[in-house]
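Summary of the model geometry
These are the residues of each chain, in order.
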Amino acid sequence: MLARKSIIPEEYVLARIAAENLRKPRIRDRPRKARFIAKNGACNLAHKNIREQGRFLQDIFTTLVDLKWRHTLVIFTMSFLCSWLLFAMMWWLVAFAHGDMDPSTEGTTNSTKWTPCVTCVRSFTSAFLFSIEVQVTIGFGGRMMTEECPLAITVLILQNIVGLIINAVMLGCIFMKTAQAHRRAETLIFSRQAVIAVRNGKLCFMFRVGDLRKSMIISASVRIQVVRKTTTPEGEVIPIHQVDIPVDNPIESNNIFLVAPLIICHVIDKRSPLYDISAADLALQDLELIVILEGVVETTGITTQARTSYIAEEILWGHRFVPIVTEEEGVYAVDYSKFGNTVKVAAPRCSARELDEKPSILIQTLQKSELSHQNSLRKRNSMRRNNSIRRSNSMRRTNPSLIVPKVQFITPEGSQSASET
């Protein structure tokens with residue numbers, strides 16, 4: 001290191017490093033756009049500065065269902081504990097007002113004609129236990145009411161009504177959380193990537209959807225929306241502009257029979273927002289295609305919805321999904337390991353508008369693809385022949401017994417001729 005420092009000046013090294021850094025192109029990645037809908041279907045939206053928070057309390061049941069499980073369980077536990085404590089305090093006040101807490105009445109018998117409002121309630125602890133017995137209808141038999149105090153009868157009726165209301169609300173909340181519609185959507189899957197390829201002479205946007213359960217989704221329908229940032233002629237900027245695009249479905253009702261994975265197709269025509277986008281322009285587009293699958297769960301009858309989205313980086317131009325449904329021994333089998341696999345196919349790189357204006361582009365693309373396919377087949381066959389010849393020659397070298405010996409033939413004139421067979 002000392003010899004190098006003495007031979008090459010430090011100023012020359014620094015100047016050379018700076019020159020190399022200047023010559024290297026600096027590629028900066030484009031800032032990644034925030035998704036409106038995540039791949040798992042969650043909405044990437046944050047609500048801020050909501051001033052009227054009381055509106056959530058007006059629909060308290062929906063608010064409880066929307067809470068997280070830990071918050072719901074805390075509210076479930078605290079609602080019962082608070083009600084038990086509240087009515088325990090009321091039972092203690094009733095017993096205190098009637099004089100049941102007086103030590104002088106503790107040893108009285110029926111001959112003195114002293115009847116407490118609630119038997120065996122001498123402290124707040126016993127009042128709390130009696131409150132639990134009343135609300136959950138346990139009835140151990142040690143503590144019970146008498147007809148001595150009308151106020152105690154009123155408290156009993158009130159506690160029964162309040163307890164029934166709490167049971168109905170909290171049990172209904174727990175049931176709705178466990179039977180929410182988005183739980184069924186966990187088994188509705190979409191392909192990680194979408195493709196654009198030629199189908200029936202038209203450029204089409206396609207993706208695959210499937211259902212992992214055997215129970216079907218009744219009246220399933222698929223909708224596609226394009227979300228992009230647009231600017232009106234008046235200069236108004238719309239950050240989330242939603243445009244519906246049609247789905248190619250031969251059934252008039254626009255419903256799909258989701259018994260096996262299906263490829264949903266959107267024909268890119270004049271009505272499509274993708275009509276003027278080519279393969280080169282796709283990577284520069286700031287758009288997001290949202291896919292919404294809706295249907296009724298066969299087992300519960302609840303309407304469910306599954307969502308996903310595709311951005312420009314997740315759309316493969318010139319690809320097609322591989323088939324995954326095969327017939328094996330009279331049964332249709334689905335191989336979900338190939339659910340998102342694609343294969344590259346011939347597709348024009350121009351936009352759908354250019355393809356409609358010049359149909360010859362599609363013919364030229366298909367011809368080039370056919371020629372390249374034939375050339376690849378020829379190369380493959382020639383490589384196979386060469387490999388077989390090399391293999392046979394190598395086997396002859398390694399195994400001398402395979403070499404045919406020379407045979408000499410003697411003619412009548414006495415001349416000898418050697419030939420190899």
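Residues numbered from 1 in each chain as written. Predicted model: local features only at pLDDT ≥ 70, side-chain atom pairs only at ≥ 80, totals over all residues. Heavy atoms only, no water.

**Quick word on the overall build of the protein chain**
Here is the rule: Think of it this way: any DSSP run of H or I at least four residues long counts as a helix, any run of E at least two long counts as a strand, and we number them from the N terminus. Categorising residues by exposure relies on relative accessible area from a 1.4 Å probe, with only protein chains included: less than 20% of the type maximum marks a residue as buried, more than 50% marks it as exposed, and the intermediate range marks it as partly exposed. Contacts were defined at the residue level, with two residues in contact if any of their heavy atoms lie within 4.5 Å. Per-residue accessibility takes into account occlusion by the displayed protein chains alone, with areas from the Shrake-Rupley method and a 1.4 Å probe.
Looking only at helices and strands, the protein chain features 11 helices and 16 strands. Relative to its full complement of 421 residues, the protein chain shows a buried share of 29%. Nonlocal contacts in the protein chain, meaning residues at least 24 apart in sequence, comprise 63% of its contacts between residues at least 6 apart. For the protein chain, the accessible area works out to roughly 29,000 Å², and carbon and sulfur atoms hold 59% of it.

**A closer look at the pairing of strand β8 (residues 287–297)**
For the record, the criterion: A pair of strands is labelled paired if DSSP reports no fewer than 2 bridges between them.
Of all 11 residues making up β8, nine are buried, and the element is well covered by its neighbours. Relative to β8, strand β4 (residues 217–231) is paired through 10 bridges, and the arrangement is antiparallel. Its bridge partner being in β8, Ile224 is matched across the sheet by Val291. Note: β8 against strand β9 (residues 303–311), nine bridges, orientation antiparallel. Bridge pairing links Val296 to Thr303 in β9.

**Quick notes on the packing of aromatic side chains**
Just so we agree on the cut-off: Whether two aromatic rings pair depends on their centres lying within 6.5 Å, for rings of Phe, Tyr and Trp, where Trp uses its six-membered ring; planes under 30 degrees apart make the pair stacked, over 60 edge-to-face, and the rest tilted.
Counted under the stated rule, the structure contains eight aromatic pairs. Plain terms: the ring middles of Phe76 and Phe80 are 5.2 Å apart, the flat faces sit at 65 degrees to each other, and that makes the pair edge-to-face. Remark: Phe80 and Phe76 occur in helix α5 (residues 69–98); sequence separation between them is four residues, near one turn of the helix. With 5.4 Å between their ring centres and 10 degrees between their planes, Trp92 and Phe96 make a pair best called stacked. On the criterion of helical spacing, the pair formed by Trp92 and Phe96 is a turn pair, its members being four residues apart in helix α5. You can call Trp92 partly exposed: its relative accessible area is 26%. For Phe96, a relative accessible area of 51% puts it in the exposed group. The structure contains a cluster of three or more aromatic residues connected by ring pairs, namely Phe76, Phe80 and Trp84.

**Side note on the nonpolar core**
Rule in force here: To define a nonpolar core, start from buried Ala, Val, Leu, Ile, Met, Phe, Trp, Tyr and Cys residues and group those joined through side-chain atoms within 4.5 Å.
Counting residues in hydrophobic clusters, the biggest one holds 38 residues, and the most contacted among them are Phe205, Phe207, Leu289 and Leu293. Among all residues touching Phe205, those that are not within four sequence positions of it are Ala194, Val195, Ile196, Ile264, Cys265, His266, Ile268, Leu274, Leu289, Tyr310 and Ile315. The next biggest cluster of nonpolar side chains, apart from the first, holds 14 residues, and it includes Trp91, Met101, Cys117 and Cys149.

**Observations regarding α5**
As a reminder of what qualifies: The length a helix should cover is 1.5 Å for every residue beyond the first.
In a regular helix each residue adds 1.5 Å, so 30 residues correspond to 44 Å; α5 covers 44 Å between its end C-alpha atoms and thus fits that length. Listed as buried for α5 are Thr72, Ser79, Phe80, Ser83, Trp84, Phe87, Ala88, Trp91, Val94 and Ala95. Considering only its buried residues, α5 is in contact with α4 (60–66), α6 (124–135) and α7 (150–178). Gly99 occupies a position one or two residues after α5 and carries a positive phi of about 90 degrees.

**Section: a nonpolar patch on the surface**
Worth spelling out the cut-off: Each patch is assembled from residues with relative accessible area greater than 30% and no salt bridge, linking like charges that lie within 9 Å and nonpolar side chains (Val, Leu, Ile, Met, Phe, Trp, Tyr) that lie within 5 Å. The rule for a salt bridge is simple: a side-chain nitrogen of Lys or Arg has to be within 4 Å of a carboxyl oxygen of Asp or Glu.
Taken together, Leu57, Ile60, Phe61, Ile153, Ile157, Ile161, Ile165, Val169, Phe175 and Met176 make up a surface patch of nonpolar side chains, about 910 Å² in accessible area. Mapped onto the nonpolar patch, the elements with two or more residues apiece are α4 and α7. Tracing the chain through its elements places Ile161 in helix α7. In this structure Ile161 comes out as partly exposed when scored by relative accessible area, which is 45%.

**Focus: the confidence of the model for the protein chain**
Caution is warranted with low-pLDDT regions, since their predicted coordinates should not be read in detail. To keep it simple, the criterion reads: For every residue, the predictor reports its confidence as pLDDT, a number between 0 and 100.
Overall, the predicted model of the protein chain reaches an average pLDDT of 79, with 78% of residues at or above 70. For residues 1–8, every residue scores under 50 in pLDDT, and the model assigns this stretch one contact once sequence neighbours within four places are set aside. The model gives residues 24–29 a pLDDT under 50, and that stretch makes zero contacts with residues more than four places away or in other chains.

**Brief notes about the pattern of salt bridges**
Across all of its chains, the model carries eight salt bridges by this definition. Glu314 is the salt-bridge partner of Lys39, the closest N and O atoms lying 3.4 Å from each other. With Lys39 in the loop between α2 (10–23) and α3 (54–58) and Glu314 in the loop between β9 and β10 (315–317), this residue pair connects regions lying 275 residues apart in the sequence. Owing to a relative accessible area of 13%, Glu314 belongs among the buried residues under this scheme. Close ionic contact of Arg271 with Asp269 constitutes a salt bridge, the shortest N to O distance being 3.4 Å. Each of the salt bridges in this network shares a partner with another, and the network as a whole consists of Arg35, Lys39 and Glu314.

**Things to note about the packing of α5 against α7**
Cut-off, in case you're wondering: Each axis is a line fitted through C-alpha atoms, taken for helices only over the stretch in contact, and angles between the N-to-C directions span 0 to 180 degrees. Angle categories: roughly parallel below 35 degrees, roughly antiparallel above 145, roughly perpendicular from 65 to 115, and oblique for all the rest. Throughout, the ten residues Ala, Val, Leu, Ile, Met, Phe, Trp, Tyr, Cys and Pro are labelled nonpolar, Asp, Glu, Lys and Arg are labelled charged, and all others, Gly among them, are labelled polar.
In the contact formed by α5 and α7, the axes pass within 11 Å of each other and the chain directions differ by 175 degrees. When the axes of α5 and α7 are compared, the pair comes out roughly antiparallel. Residue composition of the contact of α5 with α7, grouped by class: 19 nonpolar, six polar and one charged.

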